[in-house]
Amino acid sequence: MSKGREGPAAGGGAAAAILLRYLREQNRPYSAQDAFGNLQREHGLGKAAVVKALEQLAQQGRVREKAYGKQKIYFADQEQLPAASESELRGLDGEIAALCTKVQALQQSCRQMEAELKDLNSSMTTPEIAREIEELRKDCTSYAEKLERIKSAANHVTPEEKEKVCSEQKLYCKEWRRRKRMATELLEAILEGYPKSKKQFFEEVGIETDEDHNVTLPAAV
């Protein structure tokens with residue numbers, strides 16, 4: 001703010017009077033920066049004039065000053081303000097209740113908008129959806145062509161052939177299971193009188209198990 005802008009209205013007494021009236025009317029704490037920001041356009045007050053006037057008002061006891069770290073705030077001396085009547089207090093209580101209700105409604109609205117924003121951020125954009133649709137169409141075309149090739153092939157397995165293969169598998173697995181049980185029982189009987197370990201016996205005789213070849217017997221159906 002230029003010095004020319006800080007004309008007569010920005011003089012010490014005038015600035016102090018403006019700030020004192022403002023603090024009493026608003027009746028809430030302000031820092032020098034906040035007061036300067038609120039009053040510079042209307043009254044042409046410079047920041048230096050605001051800081052100086054507030055410090056003078058505090059020294060004179062006309063406003064109160066509180067320091068919070070490196071920042072100072074200023075507010076009207078409540079003892080110098082006229083006491084509110086019962087009706088005024090009731091009116092203020094009503095205003096407070098109305099404002100609290102408004103704040104709650106705004107908070108609820110903010111939560112709803114935050115949830116909507118979260119959903120939108122997690123949703124696909126229109127270009128992304130278009131690309132996804134195009135990829136799905138390509139997949140569908142590929143699957144349709146593959147299905148057509150399978151249908152047109154001449155080497156289909158008939159239901160009867162499939163049933164025959166499944167029956168043979170069950171039979172062979174059953175026989176495999178029976179023979180394995182017989183061999184296990186026989187080997188256990190031999191090992192009862194064998195002086196060495198089972199592993200040494202298998203190595204000497206040359207026995208290979210299913211487990212040696214990572215072969216698993218299919219589960220019975």
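Keep in mind that what you see is a predicted model, and the values were worked out from it rather than measured.

Re the environment of Ile18
Reasoning step 1: For Ile18, the position within the fold is in helix α1 (residues 12-26).
Reasoning step 2: For the pair formed by Ile18 and Ile133, sequence separation is 115 residues and the distance between their alpha carbons is 66 Å.

Section: the nonpolar core
Reasoning step 1: Core analysis: the biggest nonpolar cluster contains 20 residues, and Leu19, Val50, Leu54 and Val63 have the highest contact counts within it.
Reasoning step 2: At the level of secondary structure, the elements contributing two or more residues to this core comprise α1, α2 (32-43) and α3 (47-59).
Reasoning step 3: In terms of residues, this core owes the most to one element, α1, which gives 7 residues.
Reasoning step 4: Look past the residues within four positions of Val50 in its chain and what remains in contact with it is Leu19, Ala32, Ala35, Phe36 and Leu45.
Reasoning step 5: Residues Leu191, Tyr194, Phe201 and Phe202 belong to the second largest nonpolar core, which totals 5 residues.

Considerations on the packing of helix α6 (residues 159-191) against helix α7 (residues 198-205)
Reasoning step 1: Their axes nearest at 11 Å, the elements α6 and α7 cross at an angle of 110°. Classified by the angle their axes make, α6 and α7 are roughly perpendicular. For the pair α6 and α7, the contacting residues are Leu187, Ile190 and Leu191 in the first and Lys198, Phe201 and Phe202 in the second.

Concerning unusual backbone geometry
Reasoning step 1: The backbone phi angle of Asn27 is positive, close to 50°, even though this residue is not glycine.
Reasoning step 2: Checked against the element boundaries, Asn27 lands in the loop between α1 and β1 (30-31).
Reasoning step 3: Accessibility expressed as a relative area gives 36% for Asn27, which makes it partly exposed.
Reasoning step 4: Located in the positive-phi region is Asn214, a residue other than glycine, with phi close to 55°.
Reasoning step 5: Within the secondary structure layout, Asn214 lies in the segment after α7.
Reasoning step 6: For Asn214, a relative accessible area of 72% translates into the label exposed.

Concerning the pairing of strand β3 (residues 71-76)
Reasoning step 1: Sheet topology note: the β1/β3 ladder contains 2 bridges and is antiparallel. Each residue of the ladder has a partner; that of Ser31, found in β3, is Ile73.

Quick look at the sheet that holds β3
Reasoning step 1: The strand order β1-β3-β2 describes an open sheet built from 3 strands, whose pairing is antiparallel. Lying at the two open borders of the sheet, with one neighbouring strand each, are β1 and β2 (63-68).
Reasoning step 2: Seen against the sheet, α3 touches β2 and β3 and runs at an angle of roughly 110° to β2.

A closer look at the pairing of β2
Reasoning step 1: Bridge count for β2 against β3 is 6 bridges, and the pairing is antiparallel. When the sheet's bridge partners are listed, Ala67 is paired in β3 with Lys72.
Reasoning step 2: In this antiparallel pair of consecutive strands, β2 and β3, the connection spans 2 residues, and Gly69 shows a positive phi of 70°.

The rules behind each value
Residues numbered from 1 in each chain as written. Predicted model: local features only at pLDDT ≥ 70, side-chain atom pairs only at ≥ 80, totals over all residues. Heavy atoms only, no water. Helix = DSSP H or I, 4+ residues; strand = E, 2+ residues; numbered from the N terminus. Core = buried A, V, L, I, M, F, W, Y, C linked by side-chain atoms within 4.5 Å. Buried < 20%, exposed > 50% of the residue type's maximum accessible area, 1.4 Å probe, protein only. Contact = heavy atoms within 4.5 Å. Axes fitted to C-alpha atoms, helices over the stretch in contact; angles between N-to-C directions. Parallel < 35°, antiparallel > 145°, perpendicular 65-115°, else oblique. Pairing = 2+ DSSP bridges.

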